[in-house]
Amino acid sequence: MFRYSAISNSALNMNSSFMISKSHALSLYKKAAVYSFIPKNACSTLRYSVAIENECLPPGGDINWIHANNATFSVTLQEALLAKYRFVVLRCPFRRLASVFLDKIVNKEAPTAWTYYSLIGRERSLDDVTFEYFINSLLSLKLLKHEIHWRPQVDFLLYEEYSDVFCVERFSSAIQTLKEKIDFDVFDARELTKHGSDRYSLIEEGLWHDVPVKELYSLKMAGRLPSVEGMYPRHIYSAVLNGYKNDVELYSSWCNSKLLLKP
């Protein structure tokens, strides 16, 4: 039933793979439901909605509350075992990595950007980091598991199977299904977090993988943003395809391979 509980004979609370997935599973108490949250996968919207569902925030409450309460609704082992409904939201791995870079790194958002800066040994100024450098450093320095926003999605799965698996690319169907199946209301938090790419005019032409953070930040301040496709020349696409192979396979089998970004 649990994806990582039996991979080690150590005490369960010393099994880091299991504990990571458990700490990112949230209880919806009145619904006997569990939501496995994966950073950068509409998780602010859903964590905000869970806080409202669990009656700790009113609709329209301060979005910053959820950032101080990441572990507040983490499941107990009993809650995880007895949950009648379990769901998770996956995202195209290529789009997720581009989102991490264009959001967390370009904005130099703490702590993610500064954790990354330390992980690369401060060998390059954040202003001079490009998407190509970012991807190459994650793979060459083996940094994939060092920060939750780019950590592989498979690491956050508590269960072997879920009642429903949704994808960010078709999130409207998740909203409808969650309402129909467990009467759970999803409150869109994008306007509160200011993270959504829908706030920007997308630049569809050209490649942007070698444009440094300082130029991309200026572009964002002007209300413009490169399209995700523009971040992926074929060699970077291939690097992510190999480096995040398990995530690509997971998304292809649990969501839809046709929704994966194409190079």
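Values in this document were obtained by computation on a predicted structure and should not be read as measured data.

How each quantity is defined
Residues numbered from 1 in each chain as written. Predicted model: local features only at pLDDT ≥ 70, side-chain atom pairs only at ≥ 80, totals over all residues. Heavy atoms only, no water. Buried < 20%, exposed > 50% of the residue type's maximum accessible area, 1.4 Å probe, protein only. Helix = DSSP H or I, 4+ residues; strand = E, 2+ residues; numbered from the N terminus. Pairing = 2+ DSSP bridges. Axes fitted to C-alpha atoms, helices over the stretch in contact; angles between N-to-C directions. Phe/Tyr/Trp six-rings, centres within 6.5 Å; stacked < 30°, edge-to-face > 60°. Lys NZ or Arg CZ within 6 Å of the ring centre and 35° of its normal.

Let us now look at the pairing of strand 3 (residues 85-90). Walk down a regular strand and you will see the side chains alternate between the two sheet faces. In terms of residue burial, strand 3 counts as a mostly covered element, since 6 of its 6 residues are buried. Burial along strand 3 is two-sided: the residues Y85, F87 and V89 and R86, V88 and L90 are all buried. As paired strands, strand 2 (residues 33-36) and strand 3 are joined by 4 bridges and run parallel to one another. Paired with A33 across the strands is Y85, a residue of strand 3. Two elements, strand 3 and strand 4 (residues 164-167), share 4 bridges in a ladder whose sense is parallel. In the sheet register, V88 faces strand 4, and the bridge partner there is V165.

Remark on secondary structure: sheet strands pair via backbone hydrogen bonds, oriented parallel or antiparallel. The mixed open sheet is built from 4 strands, whose spatial order is 1-2-3-4. Looking at which strands have only one partner, the edges of the open sheet turn out to be strand 1 (25-28) and strand 4. Averaged over all pairs of adjacent strands, the angle between their axes in this sheet comes to 25°, without regard to strand direction.

This brings us to the packing of aromatic side chains. All chains considered together, the criterion is met by 22 aromatic pairs. Between F134 and W150, the aromatic rings sit 5.8 Å apart at their centres with planes inclined by 80°, giving edge-to-face as the arrangement. Placement of F134 in helix 7 (residues 131-140) and of W150 in the loop between helix 7 and strand 4 is noted, with a sequence separation of 16 residues between them. Residue class for F134 comes out buried when judged on its relative accessible area of 0%. On the accessibility criterion, W150 (0% relative accessible area) is buried. Taken together, F94, F101, Y116, F131, F134, W150, Y232 and Y237 form an aromatic cluster joined through their ring pairs. For R124, the ring lying beneath its charged end belongs to Y133, and the centroid distance is 4.0 Å.

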